[in-house]
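# Coordinates in review
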Amino acid sequence: MRQPPRPEPTLHDLLTTLRVWSPDATTLPAFDPDTAPAEPLPLFTAWFAEAVAAGQAEPHTMSLATSAVDGLPDVRTVMLHGADADGWSFASHSGSRKGRQLAARPYAALGFYWPALGRQVRLRGPVESASSTEAQADLHARSTGALAAALTGRQSEVLGSLSELASVSRAAWERAQREPDAPSPTWTLYRLRPAEAEFFQGDAQRRHVRLKYRRTDTGWLRELLWP
């Protein structure tokens with residue numbers, strides 16, 4: 001006798017089957033905040049390298065939170081382009097939604113999540129635009145596909161159809177291959193200079209370690225936070 005088909009699992013069903021930091025996929029290293037450097041950048045660099053070594057998929061992706069003129073929040077996933085004494089950098093078109101929001105309210109937050117190690121890094125602070133020369137150099141150091149996407153432009157505008165996108169994108173790819181130094185005037189390199197940076201290390205007993213750096217007039221203040 002033929003069995004009736006099983007019902008599709010609900011969202012609740014799926015959620016109850018999932019676990020965080022499975023031992024098969026996650027290693028939770030010890031983190032002693034007393035040994036952390038005096039500034040957040042060296043610790044970020046070390047943690048980033050350890051995430052890469054642990055096989056974390058796309059460790060350079062991060063959540064970027066901005067706010068609109070009305071104060072309402074917005075968030076999306078973008079790619080880290082670099083981090084140095086000038087700040088953590090990412091790029092977009094100045095006319096995109098995030099570009100317009102940053103022009104109106106130049107303050108943002110970044111969030112990294114590396115589940116392979118049970119780690120998070122959170123940063124927030126003012127955002128500045130790099131020079132046009134730096135922005136174009138950043139763009140042309142990337143792949144042909146990245147240049148083609150930048151030349152396609154119109155980010156966040158309403159799209160009439162997928163066929164329109166295919167046509168414009170095809171032309172952009174052809175130009176990117178023909179002119180690898182083609183400029184994209186609206187391409188903007190942004191730098192977030194953190195006023196705060198938090199490093200979160202997960203713990204199997206839920207005794208998570210949270211180390212917060214806060215910028216002051218005399219340097220960085222470090223403090224622990226309750227998990």
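Residues numbered from 1 in each chain as written. Predicted model: local features only at pLDDT ≥ 70, side-chain atom pairs only at ≥ 80, totals over all residues. Heavy atoms only, no water.

Right, let's talk about the overall build of the protein chain for a bit. For the protein chain, the count of helices and strands is six helices and 10 strands. Projected onto the principal axes, the alpha-carbon positions of the protein chain cover approximately 80 × 55 × 40 Å. A burial count over the protein chain gives 35% of its 227 residues as buried. Looking at the protein chain alone, contacts between residues at least 24 apart form 64% of all its contacts between residues at least 6 apart. Accessible surface, the protein chain as shown: approximately 14000 Å² in total, 54% of it carbon and sulfur. Counting 25 positive and 25 negative side-chain charges, the protein chain places the averaged centre of each group 5 Å from the other. (Helix = DSSP H or I, 4+ residues; strand = E, 2+ residues; numbered from the N terminus. Buried < 20%, exposed > 50% of the residue type's maximum accessible area, 1.4 Å probe, protein only. Contact = heavy atoms within 4.5 Å. Areas by Shrake-Rupley, 256 points an atom, 1.4 Å probe, with all protein chains shown as cover. Lys, Arg positive; Asp, Glu negative; His and termini not counted. Charge placed at Lys NZ, Arg CZ, Asp CG, Glu CD.)

Here we take up helix H2 (residues 40-53). Here H2 spans 20 Å end to end across 14 residues, near enough to the 20 Å set by a 1.5 Å rise per residue. Of the residues making up H2, those classed as buried are Pro40, Leu43, Phe44, Trp47 and Ala51. Down the axis, H2 shows its buried residues gathered within 100° of arc, on one side only. In the stretch just after H2, Gly55 is the one whose phi turns positive, near 80°. (Expected span 1.5 Å × (residues − 1). Arc of directions from axis to C-beta.)

Once that is clear, we can look at the environment of Ala176. In this structure, Ala176 sits in helix H6 (residues 162-178). Overall, Ala176 belongs to the buried group, its relative accessible area being 3%. It is 7.7 Å that separates the C-alpha atoms of Ala176 and Leu151, two residues lying 25 residues apart in sequence. Contact partners of Ala176, with chain neighbours within four places excluded, come to Thr144, Leu147, Ala148 and Leu151.

Ranked by internal contacts, the top residues of the largest apolar core, which has 27 residues, are Phe90 and Phe112. Of all the secondary-structure elements, those providing two or more residues to this core are H2, strand E1 (61-67), strand E4 (87-93), strand E5 (107-114), strand E6 (119-129), strand E7 (187-192), strand E8 (196-201) and strand E9 (209-216). The contacts of Phe112, once residues within four sequence positions are left out, are Phe44, Pro59, Thr61, Met62, Leu80, Trp88, Arg119, Gln120, Val121 and Leu123. (Core = buried A, V, L, I, M, F, W, Y, C linked by side-chain atoms within 4.5 Å.)

On to the pattern of salt bridges, then. What the rule picks out here adds up to 13 salt bridges. For the salt bridge of Arg97 with Asp74, the shortest nitrogen-to-oxygen distance reads 3.2 Å. Of the two residues, Arg97 sits in helix H3 (residues 97-104) while Asp74 sits in strand E2 (residues 73-79), which places them 23 residues apart along the sequence. Classification of Arg97 as partly exposed rests on a relative accessible area of 46%. Judged by its relative accessible area of 17%, Asp74 is buried. Put simply, Glu134 and Arg191 hold a salt bridge, and the shortest N to O gap is 2.9 Å. One end of the pair, Glu134, is in helix H4 (residues 132-140); the other, Arg191, is in strand E7, with 57 residues separating them in the sequence. Owing to a relative accessible area of 36%, Glu134 belongs among the partly exposed residues under this scheme. Each of Arg124, Glu196, Lys212, Arg214 and Glu223 takes part in salt bridges that share partners, so that together they form one network. (Salt bridge = Lys/Arg side-chain N within 4 Å of Asp/Glu carboxyl O.)

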